[in-house]
Amino acid sequence: MTEASAHPVPRHQIRAAHTADTLTVYQAYHPRIGVPAAREGRFPPAWKRERMTWVKPSFLWMMYRCGWATKADQETVLAVEITRAGFDRALNSACLSHYVPGVHADREAWAGALRTAPARVQWDPERDLHLNPLPYRSLQLGLSGPASRAYADAWTVAIRDVTPLAREIHGLLRSGEPEAARALLPVETPYPAGPLEHLGA
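Residues numbered from 1 in each chain as written. Predicted model: local features only at pLDDT ≥ 70, side-chain atom pairs only at ≥ 80, totals over all residues. Heavy atoms only, no water.

## Observations concerning helix α3 (residues 84–93)
Those residues of α3 lying buried are Arg-84, Gly-86, Phe-87, Ala-90 and Leu-91. Along the axis of α3, the buried positions cluster into a sector of 165 degrees, meaning they face one direction only. The exposed set on the far side of α3, more than 90 degrees from its buried face, consists of Arg-89 and Asn-92. In this structure, the buried side of α3 is in contact with β2 (22–29), β4 (76–83), β5 (94–96), β6 (119–127), β7 (133–143) and α5 (146–155). (Buried < 20%, exposed > 50% of the residue type's maximum accessible area, 1.4 Å probe, protein only. Helix = DSSP H or I, 4+ residues; strand = E, 2+ residues; numbered from the N terminus. Arc of directions from axis to C-beta. Contact = heavy atoms within 4.5 Å.)

The following block contains the structure:
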């Protein structure tokens, strides 16, 4: 789960639902993109492969971003299962989206790396069941150019529409049943990405 536990969670840590070969990330789209993507198990031609796309391994951060699938153009929430090989490749070639002293030699070095990196990373506050910020961070991975095209056409193994799950959990919360809601959350455990010094983790 993404809730705090008895053991302190590192400030920067990737937590995700993953298997030996795949990892699940979340995105939210207008139904004209999300519905055919889930139906066909791949992104439709209307999905713009040349644009940067952001993927999120945290279900609750996705719920925070899309307002439990209520925000405009984010009414369809997708769980996209991708290859770990592709995800790891993106992480290894990524650059932080903002300059961090100690991670980058200087601002010029960071800006140069950002211009050429096919992926970028933001660490945003993880969210609890009520979407309040937690003291540790959640990974957001932005993919552009070759990485975006590879994500859509090579790394994606399966796409599921989890909008009904989002609405069920939200409904339980609104009914004052947080424990029942919590029991439905996807299980997210630390992902063994290895050292990520270039990403501040």
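## As for the sheet that holds β5
The strand order β3-β7-β6-β5 describes an open sheet built from four strands, whose pairing is mixed. Each edge of the open sheet is held by one strand with a lone partner, namely β3 (53–55) and β5. Ignoring strand direction, the axes of neighbouring strands in this sheet form an average angle of 40 degrees. Of the strands in this sheet, β6 and β7 are in contact with helix α2 (residues 59–66), which crosses β6 at around 90 degrees. Docked against the sheet, α3 engages β5, β6 and β7, running at close to 100 degrees with respect to β7. (Pairing = 2+ DSSP bridges. Axes fitted to C-alpha atoms, helices over the stretch in contact; angles between N-to-C directions.)

## Concerning the sheet that holds β2
Backbone-to-backbone hydrogen bonds pair the strands of a sheet. The strands run either parallel or antiparallel. Read across the open sheet, the three strands follow the order β2-β4-β8; overall the sheet is antiparallel. Two strands in the sheet have a free side with no partner beyond their single neighbour: β2 and β8 (156–161). On average, each strand axis in the sheet is inclined to that of its neighbour by 25 degrees, with strand direction left out of account. Pairing between β2 and β4: eight bridges, direction antiparallel. Along β4, the bridge assignment pairs Thr-24 with Glu-81. Docked against the sheet, helix α1 (residues 31–40) engages β2, β4 and β8, running at close to 45 degrees with respect to β4.

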